[in-house]
There are 2 protein chains.
Amino acid sequence: MTERNGGEGERATVVTPSAEFPPLDPDELRALRRIGDRWQVARRDRPPGADTLPVDPTLRRHGDQPTPTRFGRLAPIAMFRVGEPDELVATEPANLPGTRLGRAVTRLRRALFGPPLSSAAVLYERMRKLVALPVLSSDLLSSVAYGPEAMLAVLVLAGGDALGLSLPLAAGLALLMVAVGVSYRQTVVAYPHGAGSYVVAGDNLGARAGLAAAAGLMVDYVLTVAVSVAAGVHAVTSALPELAGWTVPLGVLTIALLLAGNLRGVRTAGNLFVLPTYAFLVALLVLLAVGWFRAAGRGFAPVDPPPVPAAEGLGLLLVLRAFSSGAVSMTGIEAVSNAVPAFRPPEWRNARTTLGWMVGMLVLLFVGLTGLIHLAGLVPTPKATLLSQLARVTFPTGPWYGLIQAATALILLLAANTAFNGFPRLLFFMARAGHAPRRFLHMGDRLAFSDGLFALAVAAAAVLVAFRGHTESLIPLYAVGVFLAFTLSQAGMVVHWRRRHGPGWGRKAAVNAVGAALSGLVLLTAGVTKFTAGAWVVVVAVPLLVLLGGAIHRHYRVLHRSLALHPPPPGPGPGPPVVPARPPAAGAAAPEDEELPEQVRHLVVVPVARLNRASLRALAYAASLGQPTLAVHIAPEEPEADRFREQWRAWGDHLRLETIVSPYRAVIGPLAHYLEALHASRTDLVLTVIVPEVVVRSRWHRPLHSRTEQRLRAALRRLPGVVVTSLPVHLDE
Amino acid sequence: MTERNGGEGERATVVTPSAEFPPLDPDELRALRRIGDRWQVARRDRPPGADTLPVDPTLRRHGDQPTPTRFGRLAPIAMFRVGEPDELVATEPANLPGTRLGRAVTRLRRALFGPPLSSAAVLYERMRKLVALPVLSSDLLSSVAYGPEAMLAVLVLAGGDALGLSLPLAAGLALLMVAVGVSYRQTVVAYPHGAGSYVVAGDNLGARAGLAAAAGLMVDYVLTVAVSVAAGVHAVTSALPELAGWTVPLGVLTIALLLAGNLRGVRTAGNLFVLPTYAFLVALLVLLAVGWFRAAGRGFAPVDPPPVPAAEGLGLLLVLRAFSSGAVSMTGIEAVSNAVPAFRPPEWRNARTTLGWMVGMLVLLFVGLTGLIHLAGLVPTPKATLLSQLARVTFPTGPWYGLIQAATALILLLAANTAFNGFPRLLFFMARAGHAPRRFLHMGDRLAFSDGLFALAVAAAAVLVAFRGHTESLIPLYAVGVFLAFTLSQAGMVVHWRRRHGPGWGRKAAVNAVGAALSGLVLLTAGVTKFTAGAWVVVVAVPLLVLLGGAIHRHYRVLHRSLALHPPPPGPGPGPPVVPARPPAAGAAAPEDEELPEQVRHLVVVPVARLNRASLRALAYAASLGQPTLAVHIAPEEPEADRFREQWRAWGDHLRLETIVSPYRAVIGPLAHYLEALHASRTDLVLTVIVPEVVVRSRWHRPLHSRTEQRLRAALRRLPGVVVTSLPVHLDE
């Protein structure tokens, strides 16, 4: 977290394709200069013209563009155009793989997901507030479709009478929403470049806290997809009960479509979001207005709910569980703080205003709906969602009911899509900090983080299937991850203000402290009261993810430390290369440290099984390098060794041959051990092992060839200072 | 078949570990000499001492034996001892693989199957006739345990009365046995080095006929194991009916034990075979003697069989089917002709005598048992074998019954074991002739053909499971393969005699012709009458195996032709190397043809993703080769390319750098196409691509690294003249 996240700029929530190639830090650049100086000195005696290339690397001298031969059987397409001096730009055909199968797969993929997009097409779109609102709020607002229901579903366990508690609980939740909302408004101001919980917690509370927040968010994203899709499917099956048996397949299909859409790289184009979100808002507002108007006509007299027998006693634990279930309505509240740079300037002010609107809307919808449900005397049933029941009660005829259900399903789909935007970005930031595999830095050819999208889709589909697409069973898992991220993010803000000690820091810290405390309370409540109901999955998963992220980070640190450039030791210094007069003692100089070409001592080794065109090519290649060369033959028994030596003499004995009799007929083992023994006797040598590899075109022919080359490479790769060169030999097929 | 099977000696049935390294033929040796001469001329200008190696390849100068370091963490064991001058001999520890997992697996394997055996331990044991008889006849004689029963099981379909036909059928079969036996006696004399049906048919009727015979034999071996094991298990369950439900698991277990025993390399040690075979012989002879003696006491009056209703009418087809079922008793008759060299001299005479004994014994047992079964009025039932019923009738009390059943089970096990000897040997000879994958030439470290053993065990177990361990269902498949091999082998002998035109060739040819005609008749009968009962499997499998063998042969011929040494074209001739003044036109010279080191033109290409220790090592290695070197960087977007060029200049711009912007972020595709374009612009160049490969010790860390190196190698391997060098970089873990 600390060492690689340099400036504020890099910490920003901007996603670039260059993130795979981080720039060198100043220390490394200095080391690079010093290493370069040593090369300069060492190489000054080279004859002039030694560096002349036999070809023009810019492919210009060749006149025409090179025509693809056997490899790219594509018709003469210009695969490269010449850019600036010394630069080529690959055109689209150059991305096609070389094999026929690979090309077919690529074509199919492009037909499905569209042609590749250039890096220049990364969108840095700025959003107006009225566009930002639907884009960023679909996740938050959509959760009122299942939040009140989640709360009531717990309360109803204590019987129909307990449902009356929904009103005070809704009021409490409204307070929580406002507190967390206000708290996040401060984050927006403090991190004008945008910062999710992962960054805020990591920056202020340490890498482990950041990882915990990230783990909570990852779980949150997976559950957002699973819950939103499950709830969306439920909204559809409430309207069309005949589809009820198809819940899980419909859900998985929806996730697959979301994945496909996001692999196509459907950007967070505002337009797509504006209509459904506003439609949902308008639909719900109309529903609330009509409902409350009618209720006012009745003098706000609540309809008596149907009698429901109590399954549990009404205790504090149940109330707390209902409260934390209702709190899932707040998922998505932090979307704005991630996306501050996407607003038009002044970014922070616009973002803060939008956040205010969103929270206001959330409170209005949540409280309004809960109250109306209470007044209408509705009770959760597995057959239809409460929102569906409410819509049917309010609009028994006319198109309104269908419209409300459609808008609900649509906004839930958008909410799931939001996770498809957020999850790969989170993994990108984690990967940039070394907490996740590097592959998540790579943008596919549609500018989408394909690996992250796949990971999310697979995880969400697995969760959906495991819980049989049942929203109620997923809710207990949901709150823990979200509120862990909220708590850590806001606790991080408290530390942030304390460290900054800016004007009014005390008040700001207090606001965030209240937010953190309330979120923490919900987190604890959810974790404890729902532990057995499913929250234990998250309670176990989050620490595991934190440990995994830590382990990944440690490995990348080892890698970074191993590969980082260090200034050369002052020992030999710039000057003519030091040729050791005698072989150094074993283990003295690790050959992997050498960094000057003139210090590399070669021994070329050619394993020869029999004398044929392939091995003679290998011998010629080896000899052409002009370095000391040794041929090795492994014989299964003495007579064969003698016969081979005879053939070698017939050839003329041009290179030194060593035969090794392997009476147990193994080839790889003795050869590897022999090379190791050679290496041990002169550790400063670089052994280049040249292995001819017969290349077979058809995969049906592969079982007919021993995989000696591959097995030898696998056996040798752990030997330091042993380089394996594979010389392809193509059959005249 | 023809081109690679040089002399009589190579065609002999001797199995050597050197077969993987066939000697060069005289043409190739001549070509090798001429190529060597050209090297001589081209290299005469090299400075003296240029060939001095920096190490002693015999590892002697090093004083002590090299102590294994990181790679073989084995304690200081001498892995090599010095043999003749310039030769090392690998000791056993040198065969252990380098990874901990690999060593553990090897240790486990050795614990199960014994320590490795040296090539010198190949047995060339010579057998006395009295030892050869049991070794070679277990397969043949054991088949009387199921042959008569197979015949009667068909006859009984026409009702109990039809069983009387067994006597004339047995007489006919005895004639067939004698005819085929006499025919094979001639093969023994004609091929004193031993020759199975594969060789005899291939030599005289062409490769395709040889392959057909081999396919028949392969099917035969698989069925021998399946049938013998099934019949052996049936012999056991006849005595112990409570095991009847476990037929299939018992059979598979038996096959697994046979496989394990043969993987241990249990040689065809005579002793193992002598006792059970003679015990079986003695037991059956006692049974026959007692049975016939009692029958004589009754005046040979047959006991009336229990009434059996007829399921089919008694027609010619049924009789023929019964005949061909009884003919399965002849499987294994050709064992002697394979094994002539294993006899004491004069080999052919001893082999012929043994064959005579075996056939005589077979006729005696078969006819005697069939007659006795008829006299005792026994009828086949699924519960107990006829042999078991006969033994019980003959010895109602006393230990004889148990002894007969035990001896039967044991000899059937030995018969199955015979197939475990024959099948891998057959594959060995096929592989030597290029009709089967080369891997079947390789002897494992226990001197056993492990791959062939596995193939047989898997096939036999699959057949056994597919037919639920039911001997009767397997019999219809059996006869076709065996008699195909018999027919082809003896037809081949007819051609053999006709070609030789030696003294008395007409008579000899006539004998073999009779054998071939009779075998062919049985083959036809079996194929037609049992086609629907299961023989169709073999009728389909044999042509497929022939086609497969032909395809394998064609591929190896292409391989051989591609790799064979040809004398160099007289064009440039011996003389100073011809340096082309200008690059030749594209496609003019295929660089894979170059065979003189001085003619190889190099261009070293180093793909560099970022500047770190790994890439600087690769650059140093590349530059140290002293050849023109080009570095290539693939950038995802323009700014990154600029930044990289800046770093390159900071380093000192020591090597030519070409940056390629890949706007679609692919790396492998553009790089491969660029290298192809370079190659196309100068086809005489050998491009050596140097790729650093970070070696991770734990496999858990592998997903954290991109497999760029492997993917690049896969993309480049089909490009001619592009050599890939992987430079390992080890982490300081």
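Computed from a predicted structure; not experimentally measured. (Residues numbered from 1 in each chain as written. Chains lettered and ligands numbered in written order. Predicted model: local features only at pLDDT ≥ 70, side-chain atom pairs only at ≥ 80, totals over all residues. Heavy atoms only, no water.)

K.L.:
Describe in detail the confidence of the model for chain A, supporting the description with residues and values.
P.N.:
Residue and element names in this part refer to chain A. Chain-level statistics for chain A give a pLDDT mean of 83 and a share of 89% at 70 or above. Element-level mean pLDDT values for chain A span from 42 in helix H1 (residues 8-11) up to 93 in helix H16 (residues 450-466). Every residue in residues 1-11 is under pLDDT 50, and counting partners more than four places away or in other chains gives 23 contacts. The low-confidence segment residues 572-591 (pLDDT under 50) makes 29 contacts with residues lying over four places distant or belonging to another chain. Here the predicted complex scores 0.81 on pTM and 0.84 on ipTM. (pLDDT = per-residue confidence, 0-100. Helix = DSSP H or I, 4+ residues; strand = E, 2+ residues; numbered from the N terminus. Contact = heavy atoms within 4.5 Å.)

K.L.:
Quick one: what's the story with the nonpolar core, residue by residue and with numbers?
P.N.:
Formed by 155 residues in total, the largest nonpolar core has its most connected members in Leu-136, Ile-255, Phe-420, Met-430 and Phe-483 of chain A. With 19 residues, the top contributor of residues to this core is helix H8 (residues 207-239) of chain A. In contact with Met-430 of chain A, other than residues within four places in its own chain, are Tyr-198, Leu-211, Ala-214, Met-218, His-435 and Ala-436 of chain A. Counting residues in hydrophobic clusters, the runner-up holds 153 residues, among them Met-127, Phe-280, Met-358 and Leu-378 of chain B. (Core = buried A, V, L, I, M, F, W, Y, C linked by side-chain atoms within 4.5 Å. Buried < 20%, exposed > 50% of the residue type's maximum accessible area, 1.4 Å probe, protein only.)

K.L.:
Can you explain the side chain of Thr-224 of chain A? Please cite residues and give values.
P.N.:
Residues and elements named next belong to chain A. Here Thr-224 is to be found in helix H8. The exposure class of Thr-224 is buried, given its relative accessible area of 1%. Discounting residues that sit within four places of it in the chain, Thr-224 has contacts with Asp-139, Val-229, Ala-415, Ala-419 and Tyr-478.

K.L.:
Please give an account of the interface of chain B and chain A that cites residues and values.
P.N.:
Listed as interface residues are 164 residues of chain B and, on the opposing side, 164 residues of chain A. Summing both sides of the interface, chain B and chain A together bury roughly 14700 Å²; the carbon and sulfur share of this comes to 58%. Taken together, the links from chain B to chain A amount to two salt bridges. Residue Glu-693 of chain B is joined to Arg-717 of chain A by a salt bridge in which the shortest nitrogen-to-oxygen separation is 2.7 Å. Counting across the interface, chain B meets chain A through 37 residue pairs in polar contact (both at pLDDT 80 or more). Here the side of chain B that touches chain A is composed, by residue class, of 87 nonpolar, 38 polar and 39 charged. (Buried area = accessible area lost by both parts, 1.4 Å probe. Salt bridge = Lys/Arg side-chain N within 4 Å of Asp/Glu carboxyl O. Polar contact = N/O pair within 3.5 Å; in protein donor to acceptor, adjacent residues only side chain to side chain. Nonpolar A, V, L, I, M, F, W, Y, C, P; charged D, E, K, R; others polar.)

K.L.:
Mind laying out the environment of Ala-231 of chain A, listing which residues take part and the relevant values?
P.N.:
All names here are of chain A. By secondary structure assignment, the location of Ala-231 is in helix H8. Considering only alpha carbons, one finds Ala-231 and Leu-165, 66 residues apart in sequence, at a separation of 24 Å. Those residues in contact with Ala-231 that lie beyond four places of it in its chain are Tyr-146, Leu-412 and Thr-471.

K.L.:
Please give an account of the relation of the copies chain B and chain A that cites residues and values.
P.N.:
When chain B is fitted to chain A, the best match, at an RMSD of 0.1 Å, comes from turning it 180 degrees and sliding it 0.1 Å along the axis. When the rotation and shift are considered jointly, the pair of chain copies conforms to a two-fold rotation axis. Nearest to the rotation axis, the C-alpha of Thr-725 of chain B is located 2.0 Å from it, this being the minimum over chain B. When the interface residues of chain B are mapped onto chain A, 100% of them again fall at the interface, so both copies present the same face. (Least-squares fit on C-alpha atoms with pLDDT ≥ 70 in both.)

K.L.:
Account for the packing of helix H2 (residues 26-42) of chain A against helix H21 (residues 638-651) of chain B, naming residues and giving values.
P.N.:
Taken N-terminus to C-terminus, the directions of H2 of chain A and H21 of chain B make an angle of 50 degrees; their axes are 7 Å apart at the nearest point. Here H2 of chain A is positioned oblique relative to H21 of chain B, judged by the angle of their axes. The segment H2 of chain A lies against H21 of chain B, with Leu-29, Leu-32, Arg-33, Ile-35, Gly-36 and Trp-39 of chain A engaging Gln-647, Ala-650 and Trp-651 of chain B. When its residues are assigned to classes, the contact of H2 of chain A with H21 of chain B shows six nonpolar, two polar and one charged. (Axes fitted to C-alpha atoms, helices over the stretch in contact; angles between N-to-C directions. Parallel < 35°, antiparallel > 145°, perpendicular 65-115°, else oblique.)

K.L.:
Can you lay out the packing of aromatic side chains for me, pointing to particular residues and giving the numbers?
P.N.:
In this description, an aromatic ring pair is defined by two values, namely the gap between the centres and the angle between the planes. For the structure shown, the criterion picks out 22 aromatic pairs over all chains. Taking 5.1 Å as the distance between ring centres and 40 degrees as the angle between the ring planes, the aromatic pair formed by Phe-428 of chain A and Phe-449 of chain A counts as tilted. With Phe-428 of chain A in helix H15 (residues 400-432) and Phe-449 of chain A in the loop between H15 and H16, this pair connects stretches of sequence that are 21 residues apart. Across the pair, exposure class does not vary: Phe-428 of chain A and Phe-449 of chain A are buried alike. Over the ring of Tyr-401 of chain B we find Arg-392 of chain B; its NZ or CZ atom is 4.1 Å from the centre of that ring. Arg-438 of chain B extends its terminal NZ or CZ atom over the ring of Tyr-556 of chain B, reaching a point 4.5 Å from the ring centre. (Phe/Tyr/Trp six-rings, centres within 6.5 Å; stacked < 30°, edge-to-face > 60°. Lys NZ or Arg CZ within 6 Å of the ring centre and 35° of its normal.)

K.L.:
Just give me the short version of the environment of Ser-118 of chain A, but keep the residues and values in it.
P.N.:
Considering the arrangement of structural elements, one finds Ser-118 of chain A in the loop between helix H3 (100-113) and helix H4 (129-142). Beyond its immediate chain neighbours, meaning those up to four positions away, Ser-118 of chain A contacts Leu-447 of chain A together with Pro-663, Tyr-664 and Arg-665 of chain B.

K.L.:
Give a detailed account of the pairing of strand E3 (residues 601-607) of chain A, specifying residues and quantitative values.
P.N.:
Residues and elements named next belong to chain A. Across the seven residues that make up E3, a large majority, six, are buried. Two elements, E3 and strand E6 (residues 685-695), share five bridges in a ladder whose sense is parallel. Counted as the bridge partner of Val-604 is Thr-688 from E6. As defined by bridge partners, E3 adjoins strand E4 (residues 629-635) across four bridges and the pair is classed as parallel. (Pairing = 2+ DSSP bridges.)

K.L.:
Please give an account of unusual backbone geometry that cites residues and values.
P.N.:
All names here are of chain A. With omega at -10 degrees, the peptide bond leading from Pro-345 into Pro-346 counts as cis. With respect to the element layout, Pro-346 can be found in the loop between helix H12 (335-338) and helix H13 (347-376). Phi at Arg-665 takes a positive value of approximately 70 degrees, unusual for a residue other than glycine.

K.L.:
With reference to specific residues and values, describe the pattern of salt bridges.
P.N.:
Residues and elements named next belong to chain A. This structure, assessed with the given rule, holds 16 salt bridges over all chains. Glu-312 serves as the salt-bridge partner of Arg-321, at 3.8 Å between the closest nitrogen and oxygen. On the basis of relative accessibility, which here comes to 34%, the residue Glu-312 falls in the partly exposed class. Measuring nitrogen to oxygen at the nearest pair gives 3.7 Å for the salt bridge that ties Glu-658 to Arg-656. What makes Glu-658 buried here is its relative accessible area of 0%. Using a relative accessible area of 29% as the deciding quantity, one classes Arg-656 as partly exposed. Each of Glu-638, Asp-642 and Arg-645 takes part in a single network of salt bridges with overlapping partners.

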